[in-house]
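Listed below are the residues making up each chain.
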Amino acid sequence: MSAEWAEPGCYPIAEGIHRIPLQMPQDGLRAVNVYVLETDDGLVLIDGGWHRPDTYQELSDALARIGRSAAEIDDVFVTHIHRDHYTFAIELRRRHGCRVHLGADEAGGLNAIHQLNSNVPDSSLRELRRAGADDIAQRAHAAGIAEPFVRDDWEQPDHWLRPGALPIPGLDLRAVATPGHTKGHMIFQDCEKGLVFTGDHVLPTITPSIGFELGPWELPLDNFLRSLVLLRDDDGQKMLPAHGPTGGSVGQRARELLAHHDHRFEQIVTVVGDLGPCTGVAVARALTWTRRDRAFSTLDDFNQMVATCETMAHLDVLVARNMLSAKDVDGVMAFRVAK
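Residues numbered from 1 in each chain as written. Predicted model: local features only at pLDDT ≥ 70, side-chain atom pairs only at ≥ 80, totals over all residues. Heavy atoms only, no water.

**Student:** Help me get a handle on the sheet that holds strand 12 (residues 238–241), residues and values and all.
**Tutor:** Taken together, the 5 strands give an open sheet; going across it, the order is 8-9-10-11-12, and neighbouring strands pair in mixed fashion. Strands with a single pairing partner mark the edges of an open sheet, and in this sheet they are strand 8 (164–165) and strand 12. Two strands pair when backbone bridges link them, and strand 9 (residues 173–177) and strand 10 (residues 186–190) are joined in this way by 5 bridges, in the antiparallel orientation. Paired with A175 across the bridge in strand 10 is F188. (Pairing = 2+ DSSP bridges. Helix = DSSP H or I, 4+ residues; strand = E, 2+ residues; numbered from the N terminus.)

Structure representation (structure tokens):
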């Protein structure tokens, strides 16, 4: 996608709604979109951003363009638990006392972060080992240990959200549960304006990572596809994603993502049929990645981890659909086409 959407600023979306891209360090996504909603009482944010040394100044400079300040923020509604969405919301609460709202089904993931007390992606390491990718798991573990962990960024929210109307006087916003990218991911629909704040559930040019969170596996891809089906007929709803430019039909993009995963399933069944009994990482290495069809070997360690975990998510769904079978061999799964 073009990098223009990530340029710092405060961009109008509709009356009383602005988009502020906040930069992300060392990340190919470049920035996260935080949406500012002006109300009679103050400001509301959709998503908080990643807490970095410069984030507060970035947000303050952007808000100054519309004559507002961070001190006016009353509420932050966070789509999901990942740090580029959650951690700066907590910092804003420390500075200005705003309320932080998060989907109730993210409680397990947040508790797991507190128990682990590090940036080690423990659940992803489990899936890597199940995939036969011990070498990638070792590198991911070392990277997680080396990265500083700030426990204060992961304080509890003020309010656990359930599906339904959001408690914002004067605004017609509803929370919709869309598990998959994380267990408690939520999107927020502005029914009056025909807008959907899609978080990472529906992105304009990429498909979100699946299962990159702490906790049990629970077929995250199957949940993600079910959540996409909820939106596939919403052609009149405009997409406001967490990463990338705004615009386009939510329904159309949901259908494109469903078609993408159908094609991926077909590719994986073909690869498993060609390889015979094989591990998840062997399948991942046989596929190409990103919109540029990059070879697995050209990905960095983090993206090799994500690619392998996503491959396991697809393989598990295919086993659940009886298209593949799987056998546990000393903790590593061997997949083959079902007879």
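That was the structure; now back to the text.
**Student:** I'd like to hear about the packing of helix 5 (residues 134–146) against helix 9 (residues 301–320), residue by residue, with values.
**Tutor:** At a closest axis distance of 10 Å, the pairing of helix 5 and helix 9 adopts a crossing angle of 125°. Relative to helix 9, the element helix 5 is oriented oblique. The two elements helix 5 and helix 9 meet at a crossing, and its hand is left-handed. From helix 5, I136, R139 and A140 reach across to helix 9, where they touch D301, Q304, M305 and T308. (Axes fitted to C-alpha atoms, helices over the stretch in contact; angles between N-to-C directions. Parallel < 35°, antiparallel > 145°, perpendicular 65-115°, else oblique. Left-handed = near helix turned anticlockwise from the far one by under 90°. Contact = heavy atoms within 4.5 Å.)

**Student:** Residues and numbers for a positive patch on the surface, please.
**Tutor:** A cluster of basic residues, R30, R291, R292 and R294, forms a positive patch on the protein surface. Along the polypeptide, R291 turns up in the loop between strand 13 (288–289) and strand 14 (294–295). (Patch = residues over 30% accessible without salt bridge, like charges linked within 9 Å, V, L, I, M, F, W, Y side chains within 5 Å. Areas by Shrake-Rupley, 256 points an atom, 1.4 Å probe, with all protein chains shown as cover. Salt bridge = Lys/Arg side-chain N within 4 Å of Asp/Glu carboxyl O. Lys, Arg positive; Asp, Glu negative; His and termini not counted. Charge placed at Lys NZ, Arg CZ, Asp CG, Glu CD.)

**Student:** So what about the environment of F302? Which residues, and what values?
**Tutor:** Among the secondary structure elements, F302 is positioned in helix 9. For the pair F302 and D200, spaced 102 residues apart in sequence, the C-alpha separation works out to 18 Å.

**Student:** Any details on the pattern of salt bridges? Residues and values, ideally.
**Tutor:** One pass over the full model with this rule turns up 22 salt bridges. Across the salt bridge formed by R139 and D135, the nearest N and O atoms sit 4.0 Å from each other. Placement of both R139 and D135 in helix 5 is noted, with a separation of 4 residues, approximately one turn of the helix. The exposure class of R139 is partly exposed, given its relative accessible area of 33%. Classification of D135 as partly exposed rests on a relative accessible area of 36%. Across the pair R226 and D222 runs a salt bridge whose closest N-O atoms are separated by 3.0 Å. Taken as a pair, R226 and D222 lie in helix 6 (residues 220–229) at a separation of 4 residues, close to a single helical turn. Given a relative accessible area of 18%, D222 falls into the buried group. Salt bridges sharing common partners tie together E91, R93, R94, R95, D153, E155 and D158. (Buried < 20%, exposed > 50% of the residue type's maximum accessible area, 1.4 Å probe, protein only.)

Shape descriptors only; they carry no functional weight alone.
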